[in-house]
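Geometric and topological summary
The lines below spell out each chain.
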Amino acid sequence: MEAAARWGLAARGAIYFLVGLLALRIAFGDGGEQADRGGALEELAAQPFGAFLVWAVGIGLAGMALWRLSEAAFGAAGPDGHKPSKRLLSAARAVFYAFAAYSVLSFAAGEKGSGSSDQQSRDITSRAMELPAGQWLVALGGLAVAGAGLWIAIRAILRKYHKHLKLSAMSRRTKQAVDVLGVSGGIARGVVFAVAGAFAVQAATHYDPDEAKGLDDTLRTFSDTPAGPWLLVAIAAGLALFGVFSFAMARWRKV
């Protein structure tokens, strides 16, 4: 499980780092790729030994799902790891990473998937709205995602990740560097989640699935603000830094 956890954290880091780089290209007008998991996999596959790298990321995410599942079943590391709330959160993460691993491994096996994250978000929103009380379900889902984004950002600001790190094994400068990565990366990741959730709520309010946005469209909206492309640059850099932070977690996290 320790090997699965560390491999999974590194795989997550690779995805976020590449998404951040793709978003930076968009901000500077030099990129037509999708700044989402699909775009990151396309970028990875284009590198030397790309097929091997994509398989490695997919297997890593599968390992992450297994690790989170083991936490749900047996409890996580730490004094409060056996609390029901912690186990439930680990179970939810296990499901999320299982779907992510399936998506990446399907891509590695030659399947192109169901399109960009933007189209997937619109399709899921449209199908959800067809259900009884579907408009409310979409709104509640959007609020949950937005709330998760705020939770992620606040925890990053408060450096809650410290309790998961082997701080005694890190030098002072390493701790400072990890804090820069963890705080800036966590804030950027939280902001993206919060904005994506807000778009889902807007789609439910207007009963228009096309207003739901995936990761790529959410990132592109940052360049349409009064701050221009520079807000997108800041968010993109933050996502790339979160990728590097995930590499640090792979090295020093308690599992």
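For the structure, see preceding data.
Residues numbered from 1 in each chain as written. Predicted model: local features only at pLDDT ≥ 70, side-chain atom pairs only at ≥ 80, totals over all residues. Heavy atoms only, no water.

A few words now on the packing of aromatic side chains. Any aromatic ring pair is given by two values, namely how distant the centres are and how the planes are angled relative to each other. For the structure on display, the rule yields five aromatic pairs. Relative to Tyr97, the ring of Phe96 has its centre 5.1 Å away and its plane inclined at 80°; by these criteria the two rings are edge-to-face. Look at Tyr97 and you get buried, because its relative accessible area is 7%. Considering the side-chain rings of Phe242 and Phe245, the 5.9 Å spacing of their centres and the 40° angle between planes classify their relative orientation as tilted. One end of the pair, Phe242, and the other, Phe245, are both in helix H9 (residues 229–252), three residues apart, so they sit about a helical turn from each other. Looking at Phe242, the relative accessible area reads 4%, which means it is buried. Clustering of aromatic rings is evident, with ring pairs tying together Tyr16, Tyr161, Phe242 and Phe245. Lys213 extends its terminal NZ or CZ atom over the ring of Phe199, reaching a point 5.1 Å from the ring centre. (Phe/Tyr/Trp six-rings, centres within 6.5 Å; stacked < 30°, edge-to-face > 60°. Buried < 20%, exposed > 50% of the residue type's maximum accessible area, 1.4 Å probe, protein only. Helix = DSSP H or I, 4+ residues; strand = E, 2+ residues; numbered from the N terminus. Lys NZ or Arg CZ within 6 Å of the ring centre and 35° of its normal.)

This part is about unusual backbone geometry. Unlike most non-glycine residues, Ala133 shows phi in positive territory, near 60°. When you line up the elements, Ala133 lands in the loop between helix H5 (117–129) and helix H6 (134–157).

Structurally, the position occupied by Glu43 is in helix H2 (residues 37–45). According to the relative accessible area criterion, Glu43 is buried, its value standing at 17%. Apart from the residues within four sequence positions on either side, Glu43 is in contact with Leu18, Leu22, Arg25 and Glu33. (Contact = heavy atoms within 4.5 Å.)

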